[in-house]
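Overview (structure and organization)
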Amino acid sequence: MEDNTLIGDRFGRRFPYLRLSVTDVCNFSCSYCLPDGYQKAHGDEFMSVLEIRRLVTAFAELGTWKIRLTGGEPTVRPDFIKLAQTVSSIPGIRRMAFTTNGYKLPERAQSYFDSGLRAINVSIDSLDPRKFHEITGHDRLGEVVEGVNAALNVGFENVKINTVLLKGVNDDELDGFLAFVENRPVSLRFIELMQTGDNLTYFRQHHVPSTVIRNKFAERGWVLQERADGAGPAVEYAHPSYAGRIGLIAPYAKDFCSTCNRLRVSARGSLHLCLFGNGGHDLRPLLQDDVQIDELKDKVLSLMQFKRSSHFLHSGDAGVRQHLASIGG
Ligand code: SAM
Ligand code: SF4
């Protein structure tokens, strides 16, 4: 897809893709993310649908065409459908995606699709019901898998599975995950566990370097594919005997940041130039009236000069992010 975005940085990268967190709240308690469940922090003053409409309008006028709704768990918002409808009807927004833990997906897939969402990422860290329960705190693997099938049936164009690679937990499940995509046209992406402020001990115990799994793909005949326009951070592999694809999101890999094409806004309206950057830039004061949209656009463009070339995860600097539920993965 043609990229006419005006949003660019000092390193020649363009940013047509916005990941928008719509809540920090989550109903799961994944062991690497919110092991004790969501803890209310400073009041749940998340952006209203009206504020989100103004925000996305400004980004769309600057050339953003892809939006991903994330969280926390975005679907816990009671007004999630209205929010998705509002964002998908903003001129210029051509691809609407969301990331979900799959809670109640079988019965909700149709209404998500009808709201204008066309791409869905569902998190499944294990295909063993017992392990799934242990990781997420919920005995809901069957429901989530049924939800993936429902998403395919109602017509989602792009169905992806996110699987965080965890040493000693799911790193023995590669062949099961490959079987999952054998007859399903979905893309299953292994995400390398990222260190956050909250999960250092867990990270040391369970981090698996992406090179380990990359070698296993090659041994099994999977072939690296070219990156599509506006694509997320995954590298994808295909195999002639499989309907689906597999992929790898490896934030610690050399050059991961050189293809960065996305910005993030938190549920409280602050712009984060990097998932692991230090602090955010508060846009909320400029979301209070339609007449502020031009000022908001100028602010976004001027903040781009602060985007750094790369994160500093290699040196153990996870920025201020306590966990990814506070900004969306
Ligand atoms: N609740 C939704 C879900 O789980 O899909 C959306 C938000 S969640 C923060 C987005 C993605 O980030 C999920 O696929 C999750 O597994 C992943 N994630 C969370 N913490 C992570 C970490 N420390 N390292 C790697 N991936 C992480
Ligand atoms: Fe919730 Fe998603 Fe974090 Fe799991 S990964 S605790 S579902 S926000």
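Up top is the structure.
In what follows, the accompanying structure is described. (Residues numbered from 1 in each chain as written. Chains lettered and ligands numbered in written order. Predicted model: local features only at pLDDT ≥ 70, side-chain atom pairs only at ≥ 80, totals over all residues. Heavy atoms only, no water.)

1. Comments concerning the packing of aromatic side chains
Our working definition: Pairing of aromatic side chains requires ring centres within 6.5 Å, counting the rings of Phe and Tyr and the six-membered ring of Trp. Pairs whose planes differ by under 30 degrees are stacked, by over 60 edge-to-face, and all others tilted. Secondary structure is summarised from DSSP: a helix means a run of H or I of at least four residues, a strand means a run of E of at least two, and numbering begins at the N terminus for each. Relative accessibility under 20% of the residue-type maximum defines a buried residue, over 50% an exposed one, and the middle range a partly exposed one, all with a 1.4 Å probe and only protein chains included.
For the structure shown, the criterion picks out 10 aromatic pairs. On the basis of an interplanar angle of 75 degrees and a centroid distance of 5.6 Å, the ring pair of Phe113 and Phe156 is categorised as edge-to-face. Of the two residues, Phe113 is situated in helix H3 (residues 105-114) and Phe156 in the loop between helix H5 (141-154) and strand S5 (158-165); the sequence distance between them amounts to 43 residues. Judged by its relative accessible area of 16%, Phe113 is buried. The class of Phe156 is buried, set by a relative accessible area of 6%. Ring geometry for Trp222 versus Tyr242: centroids 4.7 Å apart, planes at 45 degrees, classification tilted. Placement of the pair is Trp222 in the loop between helix H8 (210-219) and strand S7 (223-224) and Tyr242 in the loop between strand S8 (235-238) and strand S9 (245-249), with a sequence separation of 20 residues.

2. What to know about the pattern of salt bridges
For the record, the criterion: The working definition used for a salt bridge is a side-chain nitrogen of Lys or Arg within 4 Å of a carboxyl oxygen of Asp or Glu.
Enumeration over the complete set of coordinates arrives at 17 salt bridges. Notably, a salt bridge pairs Arg13 with Asp9, separated by 2.8 Å at the nearest N-O pair. Looking at Arg13, the relative accessible area reads 8%, which means it is buried. A salt bridge links Glu51 to Arg284; the nearest nitrogen and oxygen atoms lie 3.0 Å apart.

3. Re the pairing of strand S6 (residues 187-192)
So the rule is basically this: Two strands pair if DSSP finds at least two bridges between them. Here a crossover is taken to be right-handed if, once the strands point away from the viewer, the path from the first strand over the helix to the second is traced clockwise.
Buried residues dominate S6, accounting for six of its six residues. Residues Ser187, Arg189 and Ile191 point to one face of S6 and Leu188, Phe190 and Glu192 to the other, with burial holding for every one of them. When S5 meets S6, the two strands line up parallel, connected through six bridges. Its bridge partner being in S6, Ile161 is matched across the sheet by Leu188. Between the parallel elements S5 and S6, the chain passes through helix H6 (residues 174-182) in a crossover that is right-handed. As paired elements, S6 and S9 share five bridges and run parallel to each other.

4. Points about the side chain of Arg189
Rules: We define a polar contact as two N or O atoms separated by no more than 3.5 Å, with the added condition that, inside protein, one atom must be a possible hydrogen donor and the other a possible acceptor, whereas residues neighbouring each other in sequence contribute only through side-chain atom pairs.
With respect to the secondary-structure elements, Arg189 resides in strand S6. Engagement of the side chain of Arg189 in a polar contact is seen with the side chain of Asn162, the distance being 3.1 Å.

5. A word on the packing of helix H1 (residues 49-61) against helix H9 (residues 293-303)
Two quantities define a packed helix pair, namely the angle between the helix axes and the distance between the axes. Test applied: To obtain an axis, a line is fitted to C-alpha atoms, over the contacting stretch when the element is a helix, and the angle between two such axes runs from 0 to 180 degrees between their N-to-C directions. By the definition used in this description, the sense in which the near helix is turned from the far one sets the handedness, with an anticlockwise turn below a right angle giving left-handed and a clockwise turn giving right-handed. In this analysis, two residues are considered to be in contact whenever any of their non-hydrogen atoms come within 4.5 Å of each other.
As a packed pair, H1 and H9 sit with axes 9 Å apart at the nearest point and diverge in direction by 60 degrees. Helix-helix and strand crossings are classified by hand; for H1 and H9 the assignment is right-handed. Here Arg54, Leu55, Thr57, Ala58, Phe59 and Glu61 of H1 lie close against H9, whose contacting residues are Ile293, Leu296, Lys297 and Val300.

6. Comments concerning the site of ligand 1
Put simply, the test is: Residues are counted as near a molecule or strand when any one of their heavy atoms sits within 4 Å of it. In this description, accessible areas are obtained by the Shrake-Rupley approach with a 1.4 Å probe, and a residue is regarded as covered only by the protein chains that are shown. Gly counts as polar in this scheme, as do all residues outside two lists: the nonpolar Ala, Val, Leu, Ile, Met, Phe, Trp, Tyr, Cys and Pro, and the charged Asp, Glu, Lys and Arg.
Surveying the vicinity of ligand 1 reveals 19 residues, the closest of which are Tyr32, Gly72, Ser123, Asn162 and Met194. Take Ser123: an N or O atom from its side chain is 2.6 Å from an oxygen atom of ligand 1. A distance of 3.0 Å separates an oxygen atom of ligand 1 from a polar atom in the side chain of Asn162. Here ligand 1, which alone exposes 540 Å², has 95% of that area covered by the protein. The set of elements that each furnish at least two residues to the shell around ligand 1 consists of strand S3 (95-100), S5 and S6. Tallied by class, residues from the shell around ligand 1 come to seven nonpolar, 10 polar and two charged.

Nothing here speaks to function; it is geometry throughout.
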